[in-house]
Amino acid sequence: APSQVVSLLSIPAVAHLSPNEVASICARTVASYCNTTAQNLDFIHLPMAIGSQLSVVDKSALLEIVNLYWRELIRPSEPHIRLPIRGYHRIKLLSLTGEVLDTQYSHIIVDEGHDIPTPMLQILDRSPQAVITLSDELQNLNGMAPVRSEVIRQRALAQSIRLGKQVEDVVNPLIQAHPGASKELFAGRADHCTNLQHYSGWQIPQRATTIIVADEFDLFAWFQRLSHAGASFRLARSTFKDFMIFAQDCIELYSNGTRPRHGLIFRYASWDALSQAMASNPSFEAIERMLHKGYSQADFETAVNRHMRSGGGEITLARVSDTKNMEFSSVYLSRDLLVLPAGHQHPDSRARLFSSLYTACTRAQHELIVPEGFADWISDAVK
């Protein structure tokens, strides 16, 4: 817990940040650093929202504390200092040492190679073993995927046995719009037809399908939309617990000003601060209107008990990240996936956008349902 870290390292307040908040920022900054090839911690690894609020002097003081946190994490100065160590800490430390993987192994095969952390790729590329990675950079949801060295032999597979050729005109513009290097055109080679359909407005699906949403706000908005329509639905297993915390945190923040626990919104100490940050999110606006009308924890619990089913609901709600490595007979793309993110000119931001759409579209087997004007929106986004 942050309070324990504060006690162990005697962490002070910095500017408007309390000691507990500084401790949380230390953990987040180190996590960001551990995803890069950087040798040292720097301002760029601080959370963007925090860095923009502080003066250069305050950021320097904060970075000194983060460096202390990292040093005590990898080489504690006292036996009683035991900070929580994660796998990505170990990988980053190994990448800084110049060590290689144990030579008792002759070959290494990595599936889902697009999700390999960059420091792990450093270790793999300098190790003596034959390393084979199977990856699709368009399924990396965190930005531009790390790539193997140019001296590595690479082969591209562009045919899908999950999807029919009917969706090629949807998937290929997403590949071409993605800022990554992979430009092999997609070819549907499934024996069956993948029926492509379009919907308008906020149409409620009338038959079994998986609705893939943009984020937790979109998930909450669809939860309320389906509840209001009296539809029976369920959440993907990996989504349920996380969503319950998120929804309850939104209601408590709005009603009582209680600081959120959920990682997406915990940095916002008031509803006004959250509202300002989410001004361009249409689903957030729908949730805010609902809460303004008096929606309460009791209303939420009633909706959960009445409309959500452990296995009987024909409609499933899932975030894009919940659907990776999965396939569904029918996929319905939420309209909120077609929203340009802030800073969409940046390659990482554009990569996240088009990877989300590509991943969502390629989960379908027999039916893909997209918002009207989908192809036009892609063309406009590219321009």
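Residues numbered from 1 in each chain as written. Predicted model: local features only at pLDDT ≥ 70, side-chain atom pairs only at ≥ 80, totals over all residues. Heavy atoms only, no water.

Caption draft 1: Quick look at the sheet that holds strand β6 (residues 209-213). An order of β5-β10-β9-β6-β8-β7 is seen for the six strands of this open sheet, with the pairing classed as parallel. The open sheet has two edge strands, β5 (195-199) and β7 (233-235), and neither has a second partner. When the angles between neighbouring strand axes are averaged without regard to direction, this sheet yields 25°. Where strand β9 (residues 328-333) and strand β10 (residues 364-371) come together, four bridges link them in parallel fashion. Counterpart to Tyr 332 in the pairing with β10 is Ile 369. Running at roughly 165° to strand β8 (residues 315-319), helix α8 (residues 216-228) makes contact with β6, β7, β8 and β9 of the sheet. Strand contacts of helix α13 (residues 347-361): β6, β9 and β10, with the helix running at about 145° to β9, the strand carrying the most contacts. (Pairing = 2+ DSSP bridges. Helix = DSSP H or I, 4+ residues; strand = E, 2+ residues; numbered from the N terminus. Axes fitted to C-alpha atoms, helices over the stretch in contact; angles between N-to-C directions. Contact = heavy atoms within 4.5 Å.)

Caption draft 2: Highlighting the environment of Leu 124. Within the fold, Leu 124 resides in helix α6 (residues 118-126). Counting along the chain gives 146 residues from Leu 124 to Ser 270, while the straight-line C-alpha distance between them is 45 Å. Apart from residues no more than four positions distant in its own chain, Leu 124 is found in contact with Leu 101, Ile 108, Val 110, Ile 116 and Val 131.

Caption draft 3: Molecular detail of unusual backbone geometry. Of note in the backbone geometry, Ala 15 takes a positive phi value of approximately 55° without being a glycine. With respect to the helices and strands, Ala 15 occurs in the loop between α1 (2-9) and α2 (19-33). Ala 15 sits in the partly exposed class, given a relative accessible area of 49%. At Asn 325, a residue that is not glycine, the phi angle is positive and equals roughly 65°. Topologically, Asn 325 is positioned in the loop between β8 and β9. The exposed category is assigned to Asn 325, whose relative accessible area is 53%. (Buried < 20%, exposed > 50% of the residue type's maximum accessible area, 1.4 Å probe, protein only.)

Caption draft 4: Here's a closer look at the environment of Leu 121. Looking at the secondary structure, you find Leu 121 in helix α6. C-alpha of Leu 121 to C-alpha of Pro 146: the two residues are 25 residues apart in sequence and 7.6 Å apart in space. Those residues in contact with Leu 121 that lie beyond four places of it in its chain are Ile 116, Pro 146, Val 147 and Arg 148.

Caption draft 5: Looking closely at the packing of helix α4 (residues 56-74) against helix α5 (residues 87-97). Interhelical geometry of α4 versus α5 gives an angle of 90° and a closest axis separation of 11 Å. As far as their axial angle goes, α5 and α4 are roughly perpendicular. Contacts from Trp 70, Leu 73 and Ile 74 of α4 reach α5 at His 89, Lys 92, Leu 93 and Leu 96. When the residues that make up the contact of α4 with α5 are grouped by side-chain class, the tally is five nonpolar, one polar and one charged. (Parallel < 35°, antiparallel > 145°, perpendicular 65-115°, else oblique. Nonpolar A, V, L, I, M, F, W, Y, C, P; charged D, E, K, R; others polar.)

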